Amino acid sequence: MATHLLLSLLGTETQARRIAGRMTADEWQSLFDEAVYHELEPILHWRFEQIGVVLPDAVRRLLEERTGVHALRSRLLLVELGDLLRALAGAGVPVILLKGAALAAGVYPDPALRSMGDIDLLVRERDLPRARDAAIRLGYRPEGEAAEHHLPPLRRPGATMVELHSHIESPSAPFRIDTEGLWERAQTIRTADCEARTLCAEDLLLHLCLHLSYHHRFGLGRAEGMDLKHLYDIVVLLERGSINWGIAAARAREWRADRYVYVVLRVVQRLFGTRVSADVMALFGHSPADVRVANHVSASVLHRPDTAARQYRKLRNHGSAREGIAYLRSVYRAEYEAAHDGQQRMSTLRAVLGLSGRLMRRLPAYARAAAGLMLGTRRARAAGVRMNAREAVAAWIR
């Protein structure tokens, strides 16, 4: 219900005013909690101000407080981004802002409306060593592992993680992205008191669609589900009206990404009511399978996973009682072996008792999941929707 409310209030203005005018106190609280979950409180607060929705005092205070927190974080992050951009410029390294940094700087009406968990920068492959060294001189240190398309993440105490990318998608991905073309078409903007580059509108749209669909599988691999913030990025980009659809569709075909763009646009249409004309949708190659995947993804968003979702998935993967018992044994085998191999010098009896205690503490959650599957409860059906979506997307991407 809360997800429906959030989507409706971020949809068309007429719909938002109509729904807001008849919400109960409990629904307002649920809406606030859902907005916090997706880091959309500043957007929700800004939108209510823009369309003139009068909020209950308690909700207004909560949104103002959370919006202030995001604004403070945004100012601190802009200071950090400015330091980084100046250091890279001093080292003679051109960069392109990607994802959150690009959206906050060049798409959203106010940088504070778009929260960021990290800073992603595109750097030409030959410039990666100099870019890394410039960041290290600022106090950043490698942390974690490299990927095909970026160096190990960089972090310094009290600062945001930075990723230096050489490509916007892994070279092994099934796309033909002309990286040098991204540089030729990049646009110059000003942010954090510095000049910076961002992808042109068409390239940005394609990148956001690929990142959400191919790279993150629409969030279906996460227990928490899709983060609506990333889907709303596309809504904001489309509302700017700066996309040349003929160019976007032609480039999507060149990249072999047209069906991914089609599915994301269809999901945005269904969930937010964003208008994309039939003529525009027809520009992107698609099949009946693409339509089905978009419907699966949309349904999964409306059934946000909760902490019990993992139990449902695990139980569903083990159809018979024998398989279920074997699964439970495998869960605890490693713990038993660790407890009994002499490292903890524990007797067999104590190890078995300890494992039994852990099993008994977890048993109620599994029992509720099993009962839900048998009785067909709303929660069980929702878990089934999410699993079907995950399986459909996995098959579609292959």
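All values reported here derive from a predicted model rather than from experimental measurement.

About the thresholds
- Residues numbered from 1 in each chain as written.
- Predicted model: local features only at pLDDT ≥ 70, side-chain atom pairs only at ≥ 80, totals over all residues.
- Heavy atoms only, no water.
- Helix = DSSP H or I, 4+ residues; strand = E, 2+ residues; numbered from the N terminus.
- Contact = heavy atoms within 4.5 Å.
- Buried < 20%, exposed > 50% of the residue type's maximum accessible area, 1.4 Å probe, protein only.
- Expected span 1.5 Å × (residues − 1).
- Polar contact = N/O pair within 3.5 Å; in protein donor to acceptor, adjacent residues only side chain to side chain.
- 1 Å grid on protein atoms, 1.4 Å probe; cavity = no way out; pocket = protein on both sides within 12 Å on 5 of 7 lines; lining within 4 Å.
- Points joined across faces, edges and corners; volume = space filled by probe spheres on them.
- Nonpolar A, V, L, I, M, F, W, Y, C, P; charged D, E, K, R; others polar.
- Salt bridge = Lys/Arg side-chain N within 4 Å of Asp/Glu carboxyl O.
- Axes fitted to C-alpha atoms, helices over the stretch in contact; angles between N-to-C directions.
- Parallel < 35°, antiparallel > 145°, perpendicular 65-115°, else oblique.
- Pairing = 2+ DSSP bridges.
- Core = buried A, V, L, I, M, F, W, Y, C linked by side-chain atoms within 4.5 Å.
- Left-handed = near helix turned anticlockwise from the far one by under 90°.

*Asks:* Give me the overall build of the protein: which residues, what numbers.
*Replies:* Of regular secondary structure, the protein possesses 18 helices and 7 strands. In the protein, the share of contacts with a sequence separation of at least 24, taken over all contacts with a separation of at least 6, comes to 71%.

*Asks:* Lay out unusual backbone geometry with the relevant residues and their values.
*Replies:* The phi dihedral of alanine 192 is positive, around 50°, even though this residue is not glycine. Positionally, alanine 192 belongs in the loop between strand E6 (187-191) and strand E7 (194-198). A positive phi angle, close to 60°, is found at aspartate 193, a residue other than glycine. With respect to the helices, strands and loops of the structure, aspartate 193 is situated in the loop between E6 and E7. Looking at aspartate 193, the relative accessible area reads 66%, which means it is exposed.

*Asks:* For helix H10 (residues 228-239), give the residues involved together with the corresponding values.
*Replies:* One full turn of an α-helix is made of 3.6 residues, so residues set three or four places apart face in the same direction. Given a rise of 1.5 Å per residue, 12 residues ought to cover 16 Å, and the 17 Å separating the end C-alpha atoms of H10 matches this to within 8%. Counting buried positions along H10 yields 10 of 12 residues, so the element is predominantly enclosed. What H10 keeps buried is the set Leu228, Lys229, Leu231, Tyr232, Asp233, Ile234, Val235, Val236, Leu237 and Leu238. Of the residues flanking the start of H10, the one acting as N-cap is aspartate 227, its side-chain oxygen 3.0 Å from the backbone nitrogen of lysine 229.

*Asks:* Explain the layout of surface pockets residue by residue, including any values.
*Replies:* Computed from the structure, the largest pocket encloses a volume of approximately 950 Å³. Arg114, Gly117, Asp118, Lys229 and His230 are the residues nearest the centre of the largest pocket, which is lined by 40 residues in total. Of all the secondary structure elements, the ones that give two or more residues to the lining of the largest pocket are helix H5 (57-90), helix H6 (99-106), strand E2 (118-122), strand E5 (161-165), helix H9 (201-215) and H10. In terms of residue class, the lining of the largest pocket is made up of 12 nonpolar, 16 polar and 12 charged.

*Asks:* Tell me what's going on with the pattern of salt bridges, and back it up with residues and numbers.
*Replies:* Applying the stated rule across the entire model yields 14 salt bridges. A salt bridge links arginine 251 to aspartate 203; the nearest nitrogen and oxygen atoms lie 3.0 Å apart. With a gap of 48 residues between them, arginine 251 in helix H11 (residues 245-255) and aspartate 203 in helix H9 connect regions that are remote in the sequence. The burial state of arginine 251 is the same as that of aspartate 203; both residues are buried. Three or more residues joined by partner-sharing salt bridges are found here, namely Asp57, Arg60 and Glu64.

*Asks:* Report on the packing of H9 against helix H12 (residues 258-272), specifying residues and quantitative values.
*Replies:* At a minimum axis distance of 9 Å, the contact between H9 and H12 shows a crossing angle of 85°. What the angle tells us is that H9 and H12 run roughly perpendicular. Judged by residue contacts, Leu206, Cys209, Leu210, Leu212, Ser213 and Tyr214 of H9 engage Tyr260, Val261 and Val264 from H12. Considered class by class, the residues forming the contact of H9 with H12 number 8 nonpolar, 1 polar and no charged.

*Asks:* Account for the environment of glycine 246, naming residues and giving values.
*Replies:* Checked against the element boundaries, glycine 246 lands in helix H11. The partly exposed category is assigned to glycine 246, whose relative accessible area is 42%.

*Asks:* Tell me what's going on with the environment of arginine 141, and back it up with residues and numbers.
*Replies:* Within the fold, arginine 141 resides in strand E3 (residues 141-142). Those residues in contact with arginine 141 that sit more than four places away from it in its chain are Ile136, Pro153, Leu154 and Arg155. A distance of 3.1 Å separates the side chain of arginine 141 from the backbone oxygen of isoleucine 136, its partner in a polar contact.

*Asks:* So what's going on with the pairing of E5? Residues and values would help.
*Replies:* Most of E5 is tucked away: 5 of the 5 residues are buried. Relative to E5, E2 is paired through 5 bridges, and the arrangement is parallel. Its bridge partner lying in E5, aspartate 120 is registered against glutamate 163.

*Asks:* Outline the nonpolar core, listing residues and values.
*Replies:* Ranked by size, the top nonpolar core spans 87 residues in total, and within it Phe218 and Phe284 carry the most contacts. Here the element with the most residues in this core is H12; it accounts for 10 residues. Filtering out sequence-adjacent residues up to four positions away, phenylalanine 218 remains in contact with Leu212, Ser213, Met226, Val263, Val264, Val297, Val393 and Trp396. Of all hydrophobic cores here, the second largest spans 26 residues; its members include Leu88, Val95, Leu97 and Leu151.

*Asks:* Got a sec to walk through the packing of H9 against H11? Specific residues and values, please.
*Replies:* Packing of H9 against H11 brings their axes to within 9 Å, and their N-to-C directions diverge by 50°. Compared by their axis directions, H9 and H11 come out oblique. For H9 against H11, the interelement crossing comes out right-handed. Listed contacts from H11 to Glu202, Asp203, Leu205, Leu206, His207 and Leu210 of H9 are Trp245, Ile247, Ala248, Arg251, Ala252 and Trp255. When its residues are assigned to classes, the contact of H9 with H11 shows 8 nonpolar, 1 polar and 3 charged.

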